[in-house]
Structures are given as structure tokens and as C-alpha cells.
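Here is what each chain is made of, one letter per residue.
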Amino acid sequence: MDAILTRSTTKITEEVKKGSKHRELGEACVALQAELVESPDGTSAEPHFELFRLACESQNATITIAALDCLEKLMAHGYLRGNVAVQRPEGSAAPVVDKGDDDAAAPTAEGSDGAALTAAANGAAPTMLIDLIIETVCGCNDLPDDAVQLQVIKALLTATTVDHCEVNE
């Protein structure tokens, strides 16, 4: 999993450096790369989905292609199953990910790497992460680049054909 994440975040970071438009995305890539160096061999990519959501929303074809390719590979290899309940922040498709030890009254689901994913932080009903993943992938369909369209098709095909992905549940 680390090799897939490192390769993708490196591609995204290189493209972000070419323009200053996606600063938050670049910072998220650097933070993930540092985290992978400190604690390699993770078993779940669910806590890292936010980075790829930001990349897919960047409206930059190169960044979007790298993000979709990574999401597809993570689903294919079983690192991104989407089987956790998450909370959407208002006006966003992003899940609320709580990596702290604060045991609030909000119900949580625990990802396979131990990170808690908040399920009811602002009162809205929780949704499954796989739903957000599929919405994010389908949202990339608006970019007119043929390579982006190909990656959208590959990601959706993988999500619907692998046995361990929650889209089949």
C-alpha cells in the first residue's frame, strides 16, 4: 500500500509545485508522505481518502488522473474497501476523520488501521465511505480529458468487480 500511496502523492506533489493554486492539496501530500516514512506498512487507506477527494476536485487533469489511478489500485488490492460509516461535513463530500483519542458522544466506526471515523458529528445521518468514493470518482467525469475518462471507467469497473469492495454489498 505504501508504494502505491507514495507514487501517487509524488506525482500529485510535482504537479502542485507547477502552480500555487492547490496549496492545501500539496500540504496534504507532504503530510501523508511524512506519515508513510514514520509508520510504513499500513493496512487501510480509508483515513487517506480526503487527500484523493481534494485531488479529484482540483479540476487539473494530471492531478485527477494520479488520484483516480491510486484509488483504483487501492480498491483492487483491498486497501480501500469503503466499509466504514462516515459523516459528511455540510456542503462537502468529505468524511470527517478523527485520528485523536477524544471519545466524544458521537458514534464512531474504526478503520482497519485503528483510526476512528466519526459517524455523527453534526447531526446528519452517516453514510458509507464507498458511497463517497463512488461519488468522487463519478464527479471527475466532468473533465473533458480522455485520460481522465479512462481512469473514471477503470475505477468504477474495479469498484464493481472486486469481491472485497463494499459497493457489492
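Note: the structure precedes this text.
These numbers come from a predicted model, not from an experiment. Sequence positions are assigned chain by chain, starting from 1 and proceeding in written order. Residue-level local features of this predicted model are given only where pLDDT is at least 70; pairs of side-chain atoms are given and counted only at 80 or more, and the full residue set underlies all totals for whole chains, interfaces and linings. Calculated side-chain values reflect all of the structure's heavy atoms, with hydrogen atoms and water omitted.

(A) Up close: the environment of Cys140. In DSSP terms, a helix is any run of H or I states spanning at least four residues, a strand is any run of E spanning at least two, and both are numbered starting from the N terminus. Tracing the sequence through the fold places Cys140 in the loop between helix H5 (129-139) and helix H6 (146-161). With 85 residues separating them along the chain, Cys140 and Ala55 place their C-alpha atoms 10.0 Å apart. Contact between two residues is taken to exist if any of their heavy atoms lie within 4.5 Å; hydrogens are not considered. Excluding residues that lie within four positions of it along the chain, Cys140 makes contacts with Cys56, Thr64, Leu68, Val148, Gln149 and Val152.

(B) Spotlight on the pattern of salt bridges. Put simply, a salt bridge is a Lys or Arg side-chain nitrogen that is within 4 Å of an Asp or Glu carboxyl oxygen. Enumeration according to the criterion identifies 5 salt bridges in this entry. Across the pair Arg53 and Glu50 runs a salt bridge, and its minimum N-O distance is 2.6 Å. Of the two residues, Arg53 and Glu50 are both situated in helix H3 (residues 49-56); the distance of 3 residues between them amounts to about one turn of the helix. A salt bridge links Glu57 to Arg53; the nearest nitrogen and oxygen atoms lie 2.6 Å apart. Classification of Glu57 by relative accessible area gives partly exposed; the value is 46%. Among the ionic contacts, a cluster of salt bridges with common partners joins Glu50, Arg53 and Glu57. Any residue under 20% of the maximum accessible area for its type is buried, any over 50% is exposed, and the rest in between are partly exposed; the area is computed with a 1.4 Å probe on protein chains only.

(C) Expanded view of H6. For a helix, the expected span equals 1.5 Å multiplied by the number of residues minus one. A rise of 1.5 Å per residue sets the reference length of H6, with its 16 residues, at 22 Å; its end C-alpha atoms lie 22 Å apart and thus fit the reference within 8%. On its buried side, H6 packs onto helix H4 (61-76) and H5. Polar contacts here mean pairs of N or O atoms no more than 3.5 Å apart (in protein, one a potential hydrogen donor and the other a potential acceptor; neighbouring residues in sequence count only if both atoms are side-chain atoms). Sitting at the head of H6, Asp145 places a side-chain oxygen 2.8 Å from the backbone nitrogen of Ala147.

(D) Fine view of the environment of Thr64. Structurally, Thr64 is set in helix H4. Exposure remark for Thr64: the relative accessible area of 0% places this residue in the buried category. The spacing of Thr64 and Val148 is 84 residues in sequence and 6.9 Å in space, taken between C-alpha atoms. Excluding residues that lie within four positions of it along the chain, Thr64 makes contacts with Ala55, Cys56, Ser58, Gln59, Cys140, Leu143 and Val148.

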